[in-house]
Amino acid sequence: MYNKKSREQLLKEYQKETFLRKTVSFYKYCTIKNPQEYRDSLYQSFEQLNIFGRIYVANEGINAQISVPENTFELFLSTINQDPILQAIQLKFAVEDGLSFLKLKVIVKKEIVAYGIKSHEYDMNHTGKHLTPVEYNQSIQEKDSVIVDMRNYYESEVGRFQNAITPDAHFSKELLPMVANQLAGQEDKKIHLYCTGGIRCEKASAYLIQKGFKEVYQLGGGIIQYAQDQKKYGFKSQFIGKNFVFDDRMSERITEHVLAHCHQCGTKADSHKNCANQTCHLLFIQCENCAQNYQDCCSKSCQEFVCLPKEEQLKNREFENKRLTSLKLSTKFRPKLKGLQKNAV
Ligand SMILES: [Zn+2]
Ligand SMILES: [Zn+2]
């Protein structure tokens, strides 16, 4: 049970839609005994509701980012309320909506957050204390507070909490040992974790508690909820820039601050994109000028490649793959970011 239509076809269908959609996310750590069975039933019921998105199901729980038609939203709510696993789950709504997904994917995974840590290194019965965005906002300003970004560097590059520690991690697997190292000696401080929607902090906080950190807090609902509550209650946002998201929107703007730079010319810019050369598909930041000059490509060579006639491109694909593989060794951004969206949490 899965969708086999091409992206072009899906986009056409999407453009014909006469209703709006809401981008919603949720997660839950809980034991799912038969993930495959649960996956199939979830796929069926969500497909009937014309829901798009990406859902991971594992023994340890579920993580979902979805796009729900407004006209079936009530049905969606009653469907999840009848599901013993999803009942009363906290839904988070995007701040900036728009085209987020074009089809539904429900995938069985080993873990919903792949930190690559061993099961004895954390205990999900001992996780950090959840703070509401308002409480978190207050707490991070108190003495002995440390703020830690639990996301990878390309996410914090475009948006982060002021004064946060932002690990230089390319992969989730590198993140936890890196953070534990950076925090060594601060076991008695108030550690404030945050991530996009909260799911990564659950496991990360359990890991840090096991490592001896005494006071670990997590931002409930993550940056997504913080941005919603900031609007609702009108406090000053201490998160600046953009919230990177793992769907076609790429990011939600939270404040007007532009924190990053174009990877090609160095001017201030914070728009991520994937290189237009499909074989490359590198995720990088590009300013509008460079987007024009390079035709949305990450380099002159990728631009030359996309300018070749289609048949030439096909013929040269093998050569192009080899070229990109050799570049992996020399380009700072390319090796770790290729195919990023697929691995995202
Ligand atoms: Zn530029
Ligand atoms: Zn490229």
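Calculation notes
Residues numbered from 1 in each chain as written. Chains lettered and ligands numbered in written order. Predicted model: local features only at pLDDT ≥ 70, side-chain atom pairs only at ≥ 80, totals over all residues. Heavy atoms only, no water. Buried < 20%, exposed > 50% of the residue type's maximum accessible area, 1.4 Å probe, protein only. Helix = DSSP H or I, 4+ residues; strand = E, 2+ residues; numbered from the N terminus. Pairing = 2+ DSSP bridges. Donors = N, O, S within 2.8 Å, 3.2 Å for Na, K, Ca; no water. Tetrahedral: all angles 85-135°; square planar, octahedral: opposite > 155°, others 65-115°. Contact = heavy atoms within 4.5 Å. Axes fitted to C-alpha atoms, helices over the stretch in contact; angles between N-to-C directions.

## A look at the pairing of strand S9 (residues 190-194)
Burial analysis of S9 places five of its five residues in the buried class, which makes it a mostly covered element. Burial along S9 is two-sided: Lys190, His192 and Tyr194 and Ile191 and Leu193, pointing in opposite directions, are all buried. Sheet analysis places strand S7 (residues 145-149) next to S9, joined by five bridges and oriented parallel. The residue of S9 that forms the bridge with serine 145 is lysine 190. In this sheet, strand S10 (residues 215-219) lies alongside S9 in parallel orientation, the contact comprising four bridges.

## With respect to unusual backbone geometry
The backbone phi angle of asparagine 163 is positive, close to 65 degrees, even though this residue is not glycine. Tracing the sequence through the fold places asparagine 163 in the loop between strand S8 (159-161) and helix H6 (172-183). Owing to a relative accessible area of 74%, asparagine 163 belongs among the exposed residues under this scheme. Positive phi values are uncommon outside glycine, yet methionine 250 reaches one of about 70 degrees.

## Some points on the coordination of the zinc ion (ligand 2)
Around the zinc ion (ligand 2), the protein supplies Cys275 (SG), Cys280 (SG), Cys298 (SG) and Cys302 (SG) as donor atoms, at distances of 2.3 to 2.4 Å. Coordination at the zinc ion (ligand 2) is tetrahedral, judged from the four donor atoms that bind it and the angles of 107 to 116 degrees they form at the metal. Going along the chain, you hit the donors of the zinc ion (ligand 2) in the pattern C-x4-C-x17-C-x3-C. On the accessibility criterion, cysteine 280 (1% relative accessible area) is buried.

## Concerning the sheet that holds strand S5 (residues 104-108)
Here five strands make up an open sheet; going across it, the order is S4-S1-S3-S2-S5 and the pairing mixed. Pairing within the sheet leaves two strands with one partner each, and these edge strands are strand S4 (92-93) and S5. Taken together, the nine bridges between strand S1 (residues 21-29) and strand S3 (residues 61-69) define a ladder with antiparallel strand orientation. Pairing of phenylalanine 26 across the sheet is with alanine 64, part of S3. Across the sheet, helix H7 (residues 199-210) lies against S1 and S3, angled at about 20 degrees from S1, the strand it touches most.

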